[in-house]
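# Architecture at a glance
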Amino acid sequence: MSYRRVIVGTLGAAGLVATTALASGAAPAPAPAQYSGIEHVVVVIEQNHTFDSYFAGYPGARGFLSEGAVPHLPDGLGGTVTPLLYGSDDPPAGPQTAEQAELLSNGPEAARDAFNGGMMNGFVSAQQTRGREADLVLTYHSEETAPLLWDLASESVLFDNYYASTMGGSLPNMLNLLTGDSQGLEVETKATLAELADSEFETLFDVLTEQEISWKFYVGQLGGTSGEAVVSRRYTQPDVPTPAAMYWAPIMAMPRFWIDPLLAPGLANQEEFFADAASGNLPTVSFVLPLPTDHPTTSPEVSHPRLRSILNAIVKSPSWENTATFVVWDDWGGFYDHVPPPDGLGFRVPALLVSPFARSGHVSHVQHEHRSVLGFIVDRFGLPDFSTAQAGTADFDEAFDFDKPPRPGPLFASNLLPATPVGADNVNRVTLLLYLAALAAVATAAAVLIRRRRSAPEPSSLLSSDAGSGDVQSR
């Protein structure tokens, strides 16, 4: 059955259908023997960082600090810029539309200027000539400034040879992840949205639907996007602000995912992810675009706790023992990386594998890119090959160890509070308030007890004046 099926629902009917989740019990096709223990795949999509920006000094990985390759990059003005450890002065998180200026330019032209014919020395000048925050280009993190990510790497698999699929930003790389090809779309403009609205290419989710394999794309910004505006093409109008998530999760720009009664239930909000994980109802394939995501307009102090809550939700889920979770960053974001990418690919980006079968603390040097994750899903669930889903990709056999029983899931704790139940934002706030109220109650009870002890009368006075009653009464 083709995704070009006749759409019989109206927007109103689709809204009713969308409230019913796809059945999570659909039996997938036989898996390759080595992957048979994996029944759920989760892909968490973070944004706009290179490998060096987070793991420059990670032991055993190819970072510029680990390899002693500290750069001095020309700024295009006669000076040079050197790496700077991340501070806490990044811009605060906030809602973003595609029309808001990026801190760094991450488009294909900026990427080619940064690449500079393979010399990898044009990163600063690429931003300087575009009027962007050139000093931000060489900002990097350490274990102290990105403790969650380094903790993740020590507990799971870190890939130091994983690349964006193409030179450029979120849209073409997400299309490679979801379809195996950029579909000729490189830039994030309203004209691109118009092309997406009229597109007929197959995505992973069309194929999963045709094979009756359950899926959901959990989008943190889903509530800020109007399905009616997508279907009516209103977002393509010059004076209508475009939700950035339409470029970060391009199926949101395709009307069929809002009105087709077989596809619409797959678009879900972030809160639904936590509910599905807690109840053991994660679909066979899940994609998660968090809010906040790890975009340079959001500081890690804000975005990393969200990633922590997502991973802890998976670890605590009844589905943990048969789940493989890939955490990937969609594109380079304008940041520096010292390793020249292979022909046809974009810059290195961070990627991690979290699973009870993942090799703990392993750094993988095998070359991968976004289409590798797509190819893994295609292979694992026996999907018919489509587009270029597996072209030029490597498998992940080396990252798993299926000879051992599944490991218990590690809980990734906050630096500020001990590990607590995770859930949607409102649930987390209530939980924190309950903890604080409990602490306050204990402190109050202790103070009352101390006051009572200090003011307690002599033991003989504790007897009632009515000695004949035989009762002892405390005051």
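Each remark here, short or long, concerns the structure printed above.
Residues numbered from 1 in each chain as written. Predicted model: local features only at pLDDT ≥ 70, side-chain atom pairs only at ≥ 80, totals over all residues. Heavy atoms only, no water.

### Some details on the packing of helix H5 (residues 147-155) against helix H13 (residues 300-316)
As a packed pair, H5 and H13 sit with axes 9 Å apart at the nearest point and diverge in direction by 35°. For the pair formed by H5 and H13, the contact residues are Leu 148, Leu 149 and Leu 152 on the first element and His 304, Leu 307, Arg 308 and Leu 311 on the second. In terms of residue class, the contact of H5 with H13 is made up of 5 nonpolar, 1 polar and 1 charged. (Axes fitted to C-alpha atoms, helices over the stretch in contact; angles between N-to-C directions. Helix = DSSP H or I, 4+ residues; strand = E, 2+ residues; numbered from the N terminus. Contact = heavy atoms within 4.5 Å. Nonpolar A, V, L, I, M, F, W, Y, C, P; charged D, E, K, R; others polar.)

### Details of helix H12 (residues 270-279)
Of the positions making up H12, those classed as buried are Gln 270, Phe 273, Phe 274, Asp 276 and Ala 277. One face of H12 carries all of its buried residues, which in axial projection span an arc of 165°. Check the buried side of H12 and you find it contacts strand S8 (215-219), strand S9 (267-269), strand S10 (285-289) and H13. Two or three places before Glu 271, at the start of H12, stands the capping residue Asn 269, its side-chain oxygen 3.3 Å from that residue's backbone nitrogen. Count one or two residues on from H12 and you reach Gly 280, which has phi positive near 75°. (Buried < 20%, exposed > 50% of the residue type's maximum accessible area, 1.4 Å probe, protein only. Arc of directions from axis to C-beta. Polar contact = N/O pair within 3.5 Å; in protein donor to acceptor, adjacent residues only side chain to side chain.)

### Observations concerning the nonpolar core
Phe 205, Phe 217, Phe 287 and Ile 377 are the most contacted members of the largest nonpolar core, which totals 101 residues. With sequence-adjacent residues up to four places away left out, Phe 287 is seen in contact with Val 43, Ile 45, Leu 177, Leu 178, Leu 204, Phe 205, Lys 216, Phe 217, Tyr 218 and Ile 377. Core analysis: the second largest hydrophobic core is formed by 22 residues, Phe 64, Leu 104, Phe 123 and Val 124 among them. (Core = buried A, V, L, I, M, F, W, Y, C linked by side-chain atoms within 4.5 Å.)

### Section: the packing of aromatic side chains
For the coordinates displayed, the defined rule picks out 28 aromatic pairs. Each ring, one from Phe 55 and one from Trp 150, has its centre 6.5 Å from the other, and the planes form 25°; the classification is stacked. Taken together, the residues Phe 55 in helix H2 (residues 51-55) and Trp 150 in helix H5 connect sequence positions 95 residues apart. A single burial state applies to Phe 55 and to Trp 150, both of which are buried. The interplanar angle of 75° and the centroid separation of 5.5 Å between the aromatic rings of Phe 273 and Phe 274 together place this pair among those described as edge-to-face. Comparing Phe 273 with Phe 274, the two get one shared label, buried. By the ring-pair criterion, three or more aromatic residues cluster together here, those being Tyr 35, Phe 159, Phe 326, Phe 357, Phe 376, Phe 396, Phe 400 and Phe 402. (Phe/Tyr/Trp six-rings, centres within 6.5 Å; stacked < 30°, edge-to-face > 60°.)

### Side note on the pattern of salt bridges
Summed over the entire model, instances satisfying the criterion amount to 13 salt bridges. Taking the shortest distance from any N to any O, the salt bridge between Arg 233 and Asp 198 comes out at 2.7 Å. A residue pair is termed long-range when its members are at least 10 positions apart, and Arg 233 in the loop between helix H9 (227-231) and helix H10 (245-248) and Asp 198 in the loop between helix H7 (190-197) and helix H8 (204-210) qualify at 35 residues. Its relative accessible area of 30% is what places Arg 233 among the partly exposed residues. For Asp 198, a relative accessible area of 55% gives the class exposed. Note that Lys 216 is salt-bridged to Glu 272, the shortest N-O span being 2.6 Å. With Lys 216 in strand S8 and Glu 272 in helix H12, the pair connects residues that are 56 residues apart, well separated along the chain. Taken together, the shared-partner salt bridges connect Asp 52, Asp 337 and Arg 348 into one network. (Salt bridge = Lys/Arg side-chain N within 4 Å of Asp/Glu carboxyl O.)

### Thoughts on the sheet that holds strand S13 (residues 362-364)
Overall, mixed pairing links the 8 strands, which are arranged S9-S8-S10-S1-S11-S12-S6-S13 in an open sheet. Taken across any chain shown, the strands that pair with only one partner, and hence form the sheet edges, are S9 and S13. Strand-to-strand twist of the sheet, defined as the mean angle between neighbouring strand axes without regard to direction, takes the value 20°. Pairing of strand S11 (residues 323-329) with strand S12 (residues 351-354), which is carried by 4 bridges, proceeds in the antiparallel orientation. Paired with Val 328 across the bridge in S12 is Ala 351. In this fold helix H6 (residues 170-179) packs onto strand S1 (40-46), S8 and S10, with an angle of close to 175° to the strand it touches most, S1. (Pairing = 2+ DSSP bridges.)

### Quick notes on unusual backbone geometry
Residue Pro 292 follows Leu 291 across a cis peptide bond; omega there is 0°. One non-glycine residue, Asn 116, lies in the positive phi region at around 50°. Secondary-structure assignment places Asn 116 in the loop between helix H3 (108-115) and helix H4 (123-128). A positive phi angle, close to 60°, is found at Glu 212, a residue other than glycine. Considering the arrangement of structural elements, one finds Glu 212 in the loop between H8 and S8.

### Some remarks on the packing of H12 against H13
Packing of H12 against H13 brings their axes to within 8 Å, and their N-to-C directions diverge by 30°. With respect to H13, the element H12 is oriented roughly parallel. For the pair H12 and H13, the crossing hand works out as left-handed. Contact residues: Gln 270, Phe 273, Phe 274 and Ala 277 in H12; Arg 306, Ser 309, Ile 310, Ala 313 and Ile 314 in H13. Grouping the constituent residues of the contact of H12 with H13 by class yields 6 nonpolar, 2 polar and 1 charged. (Parallel < 35°, antiparallel > 145°, perpendicular 65-115°, else oblique. Left-handed = near helix turned anticlockwise from the far one by under 90°.)

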